[in-house]
Amino acid sequence: MRRLIALLALATASVLGSQAFAQAPMSPVMQGLFLLTDYPAQTVRAGEIATIRVKMQNSGLAPEPMALTLSGVPAGWKIDILGGGQPVASAMPGQNESVALQLRVEVPKDAKPGSQQVMLSAKGSRLQSAELPLTLTVGTETPAKLSLKSRLPSLRGTPRSSFEYSVTVGNDSGKDLTVALSAQGPANFQTTFTEGFGSNEISSIPIEAGQTKDIKVKVTPPRDVKAGDYPVLVKVAAEGATAELRVTLQISGQGKLALSTTGGRLSGEAEIGKTSTYTLVLTNDGTAAVDEIEMTGTVPTSWKVEFNPRTIATLAPNEKKEVQVLVTPADKAIAGDYVAQFRAGARGESSSADFRITVTTSTLWGMVGIGIIAVALLVLLGAVARFGRR
Amino acid sequence: MPRSAAREGSPFTGLGPVFLKEFADHLSSARMMVLMLFVIAFGAFPVASSLQQLRTVTESDAYLFLRIFTTAPDRVPISFVFALNFIIPVMAIGLGFDAVNSEFNRRTLSRVLSQPIYRDALLLGKFLGGLATLAVVLTALWLIVFGAGLLLLGIPPRGVEVARGACFLVAAIAYGGVWLAASLLFSVIFRSTATSALCALGLWLFFFLLWPMIAEAVTIAFAPAQIRSAEEFLAVEQVGLVLSRFSPGALFSEAVIGLLNPETRTFGSMLPAQMRGVIPGAPLPLDQSLILIWPQMTGLIAGMIVVFAAAYVIFQREEVRA
């Protein structure tokens, strides 16, 4: 068998080159049965269940069943040997193979701090045996601890923008936690939490021990909020541990134009070819002044529309300004109702009002008609005067 | 014509008795009964059908009452207004075609004129008597239609609807007046009643049937071979409209459309530029509708006066001592 391996190694070495050739004689040749674990001395917590991974390694021996026993289990403790999730009493690794085992350690709540020695032993029928001493130390529990960080804790915007803060929540404790999320802001400020890259609103988020998660806090201020700085307190809490973070909204004011008339009546009359004047009222309902407002109008083809004043330099919040609009229907317009649209526009802000204009014809032609009838009557009277009274 | 001396006094002395006598004669005559039956038969049928159709209308219509006049029902292809368009001339001709010449033939004219009544008063009295009879018949018909509407639709007409209906009635009477004056003219010209009736009815048929076709043919003949722009099309259409308006029936139709369809803004087409910004279906105020149809009304009233003046001049120059 060993000669075969050596031959194989030589054959491989001739292919792989000199480095592989040099390592070939160093391959392990230890024979025996071993019980292995990564951490033979572990910390367990009172009242909790710890799982210890154990491996049974068979190096170069013929397989045989190995009975597993535990000794030195402290009073009140319960340790089960599990293989493949089930309690097992023996294991049988093949030649040069291993079997994974688990020790499920149930530590009683009242376990005293200190170290306990437990011995796991495996015994075969042909005098083969292996032993694994384990030291289990009952330690005190590390308390839950959370951290909360934001890269950009202060954002700037208008009352209509939404403020999104990226927040990193860290679980600095030794166990998985479900973290509840909350926020405290000024009245009527709406806050929602979403996952870092998701759109679902969340109210809590599970975080594994030692891990961090990114969440987004979206704050929507009310539309009519005044300019200023508004703090929002973001809180995370889990099992008695809390963390807080203060984010700030710097809200700059925004103007908002509203176009109407004094009585709210959006209709008027106009005679063909004559100028009619209507009074519009421009109001700034916003929280900041609006600058450089320009008045424009859309009227039917070849009508004339003028504004007085055509531009307004600035309109402070809650200020009203009257604007005269002069509309002249086209000479060829036909009587009836028409729609004209008047607009007040500034940078990033505009308002429009649809105005219904009833166009009337001049009564001049009506007079002409009466004149024609009068002429006809005069003809009749002339006939009476010429030929009458016969 | 030698005029020895101008006679004294008002030319309208005796107008009252002539008018009343004519009015009374018309209302009690058998001819009037026949005409009345004719009118009711032609008027009631479209109205009854359009009312039946309007009863099923569920959408709200601000001018529902006016639709009684203008709706052309599915089963009857004519509306009430269209029926009026040809029964009014027939009625007016029936009332006026023998106004003067029958007096000649019965040799009563010289007897009447030997009374202290001028010819002026006689002719005007006959015309006004006929017009009053026509007005009575049309008003009665109008009231019947409104009453039937009230009864079958179950809603009262609004004030503006009544006003538009009243203006429509005035237009109908003026339209009747034109044909009454025309038939009076023929009764003065021709001594034979049959000839004058034939001429009046012939003229009516000419305007009712032939004139629209002639107007169209003339328009096509004078139109350019290729119409290139909307303005050109409008100009050609305008020529056609002006030609067709020589017919009193066309004037009456347009006046009625303007009055009873308040949405009417113009009788021709509108340029696309004029259409921009228009609120479709918006009704015109009554005064604007009146301004719109005022030329048509002027045409009807002035035409009536001019035709009567012609009849008057011919009658004054005639020899009546037969």
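Residues numbered from 1 in each chain as written. Chains lettered and ligands numbered in written order. Predicted model: local features only at pLDDT ≥ 70, side-chain atom pairs only at ≥ 80, totals over all residues.

## Let's talk about the overall build of chain A
So, point 1. Helix and strand content of chain A: 3 helices and 28 strands.
So, point 2. Of all 390 residues assigned to chain A, the portion counted as buried reaches 23%.
So, point 3. Of all intrachain contacts in chain A linking residues separated by at least 6 positions in sequence, the fraction that spans at least 24 positions is 69%. (Helix = DSSP H or I, 4+ residues; strand = E, 2+ residues; numbered from the N terminus. Buried ≥ 20, exposed ≤ 12 C-beta atoms within 10 Å, placed from the backbone. Contact = placed C-beta atoms within 7 Å.)

## Some details on the overall build of chain B
So, point 1. If you tally the helices and strands in chain B, you get 13 helices and 0 strands.
So, point 2. Written out in order from the N terminus, the α and β elements of chain B read α-α-α-α-α-α-α-α-α-α-α-α-α.
So, point 3. Across the 322 residues in chain B, those meeting the buried criterion constitute 40%.
So, point 4. Within chain B, residue pairs in contact and separated by at least 24 positions form 82% of the contacts whose partners lie at least 6 positions apart.

## So, the nonpolar core
So, point 1. Among the nonpolar cores identified, the biggest contains 111 residues, and Ala 171, Ala 181, Leu 300, Phe 308 and Ala 311 of chain B are the most heavily contacted of them.
So, point 2. Leu 300 of chain B has contacts with Ala 171, Ala 174, Tyr 175, Val 178, Pro 248, Leu 251 and Phe 252 of chain B, leaving out every residue within four places of it along the chain.
So, point 3. Phe 163, Leu 177, Leu 181 and Ile 205 of chain A belong to the second-largest nonpolar core, a separate cluster that totals 24 residues. (Core = buried A, V, L, I, M, F, W, Y, C linked by C-beta atoms within 7 Å.)

## Here's the deal with the packing of helix α8 (residues 159–189) of chain B against helix α13 (residues 286–317) of chain B
Residue and element names in this part refer to chain B.
So, point 1. Two numbers describe how α8 lies on α13: the axes approach to 8 Å, and their chain directions differ by 20°. Taken together, the axis directions place α8 and α13 in an arrangement best described as roughly parallel. Between α8 and α13 lies a crossing of left-handed hand.
So, point 2. Residue composition of the contact of α8 with α13, grouped by class: 25 nonpolar, 2 polar and 1 charged. (Axes fitted to C-alpha atoms, helices over the stretch in contact; angles between N-to-C directions. Parallel < 35°, antiparallel > 145°, perpendicular 65-115°, else oblique. Left-handed = near helix turned anticlockwise from the far one by under 90°. Nonpolar A, V, L, I, M, F, W, Y, C, P; charged D, E, K, R; others polar.)

## Observations concerning the interface of chain B and chain A
Often, the extent of an interface is quoted as the loss of accessible area on bringing the components together.
So, point 1. Residue-level contacts link 32 residues of chain B with 32 residues of chain A.
So, point 2. Put simply, the parts of the chain that give the side of chain B that touches chain A at least two residues each are α7 (119–153), α12 (272–275) and α13 of chain B.
So, point 3. Of the residues that constitute the side of chain B that touches chain A, the class distribution is 20 nonpolar, 6 polar and 6 charged.

## Considerations on helix α2 (residues 30–55) of chain B
So, point 1. Relative to the 38 Å expected for 26 residues at 1.5 Å per residue, α2 of chain B spans 37 Å between its end C-alpha atoms, a close match to the ideal helical length.
So, point 2. Listed in full, the buried residues belonging to α2 of chain B are Leu 35, Val 39, Phe 42, Pro 46, Val 47, Ser 49, Ser 50 and Leu 51 of chain B. (Expected span 1.5 Å × (residues − 1).)

## Brief notes about the sheet that holds strand β25 (residues 311–315) of chain A
One key point about sheets: their strands pair by backbone hydrogen bonds, in either a parallel or an antiparallel sense.
Residues and elements named next belong to chain A.
So, point 1. Pairing is mixed across the open sheet formed by 5 strands, whose spatial order is β21-β28-β27-β23-β25. The outermost strands of the open sheet, each flanked by one partner alone, are β21 (267–271) and β25. The sheet shows a mean angle of 30° between the axes of neighbouring strands, taken without regard to direction.
So, point 2. The sheet contact formed by strand β23 (residues 290–298) and strand β27 (residues 336–346) spans 5 bridges and is antiparallel. (Pairing = 2+ DSSP bridges.)

## Quick notes on the pairing of β23 of chain A
So, point 1. With 4 bridges joining them, β23 of chain A and β25 of chain A adopt antiparallel strand pairing. Looking at β25 of chain A, one finds that Asp 291 of chain A is bridged to Thr 314 of chain A.

## Considerations on the environment of Pro 221 of chain A
Residue and element names in this part refer to chain A.
So, point 1. Mapped onto the secondary structure, Pro 221 falls in the loop between β17 (212–220) and β18 (228–238).
So, point 2. Along the chain, Pro 221 and Thr 158 lie 63 residues apart, while their C-alpha atoms are 9.0 Å from each other.
So, point 3. If near-sequence neighbours (up to four positions away) are discounted, Pro 221 is found in contact with Pro 159, Phe 189, Tyr 230, Leu 249 and Ile 251.

## Examining the sheet that holds strand β1 (residues 32–36) of chain A
Residues and elements named next belong to chain A.
So, point 1. Reading across the sheet, the 5 strands line up as β1-β3-β8-β5-β6 and stay open at both edges, with antiparallel pairing between neighbours. The sheet terminates laterally at β1 and β6 (86–87), the two strands that pair on one side only.
So, point 2. Inspection of the sheet shows strand β5 (residues 78–83) paired to strand β8 (residues 97–106) by 5 bridges, in the antiparallel sense. Within β8, the residue paired with Ile 81 across the bridge is Leu 103.

## Points about the packing of helix α4 (residues 80–96) of chain B against α7 of chain B
Residues and elements named next belong to chain B.
So, point 1. Their axes nearest at 10 Å, the elements α4 and α7 cross at an angle of 155°. Looking at the two axes, α4 sits roughly antiparallel to α7. In this structure, α4 crosses over α7, and the sense of that crossing is right-handed. Mapping the contact onto sequence places Phe 80, Met 91, Ala 92, Leu 95 and Gly 96 in α4 and Gly 130, Thr 133, Leu 134, Val 137 and Val 145 in α7.
So, point 2. In terms of residue class, the contact of α4 with α7 is built from 7 nonpolar, 3 polar and no charged.

## Regarding unusual backbone geometry
So, point 1. In this structure, Pro 309 of chain A follows Asn 308 of chain A across a cis peptide bond, with omega equal to 0°.
So, point 2. Relative to the helices and strands, Pro 309 of chain A is located in the loop between β24 (304–308) and β25.
So, point 3. Phi is positive for Glu 292 of chain A, which is not a glycine, with a value near 50°.
So, point 4. Here Glu 292 of chain A lies in strand β23.
So, point 5. Assessed through the 12 C-beta atoms surrounding it within 10 Å, Glu 292 of chain A is described here as exposed.
So, point 6. Notably, Arg 107 of chain B is not glycine yet its phi reads approximately 60°, a positive angle.
So, point 7. C-beta crowding within 10 Å serves as the criterion here: with 9 such atoms nearby, Arg 107 of chain B is assigned to the exposed category.

## Digging into the confidence of the model for chain A
So, point 1. Of all residues in chain A, 91% have pLDDT values of 70 or greater, and the mean over the chain is 84.
So, point 2. The spread of mean pLDDT over the elements of chain A runs between helix α2 (residues 18–23) of chain A, the lowest at 44, and strand β26 (residues 320–328) of chain A, the highest at 92. (pLDDT = per-residue confidence, 0-100.)

## With respect to the environment of Lys 274 of chain A
So, point 1. With respect to the helices and strands, the residue Lys 274 of chain A is situated in the loop between β21 and β22 (276–284).
So, point 2. Counting along the chain gives 88 residues from Lys 274 of chain A to Ser 362 of chain A, while the straight-line C-alpha distance between them is 9.4 Å.

## Things to note about α8 of chain B
One turn of the α-helix equals 3.6 residues, which is why residues spaced by three or four share an orientation.
So, point 1. Between its terminal C-alpha atoms α8 of chain B stretches 45 Å, which fits the 45 Å expected from 31 residues at 1.5 Å a residue.
So, point 2. Most of α8 of chain B sits out of view: 23 of its 31 residues are buried.

## Structural notes on the confidence of the model for chain B
Predicted coordinates in regions of low pLDDT should not be interpreted in detail.
Residue and element names in this part refer to chain B.
So, point 1. When pLDDT is averaged along chain B, the result is 88; 97% of the residues meet or exceed 70.
So, point 2. Mean pLDDT across the elements of chain B ranges from a minimum in α12, with 78, to a maximum in α8, with 95.
So, point 3. The low-confidence segment residues 1–5 (pLDDT under 50) makes 1 contact with residues lying over four places distant or belonging to another chain.
So, point 4. On the interface metric, ipTM, the complex scores 0.79, and its pTM is 0.67.

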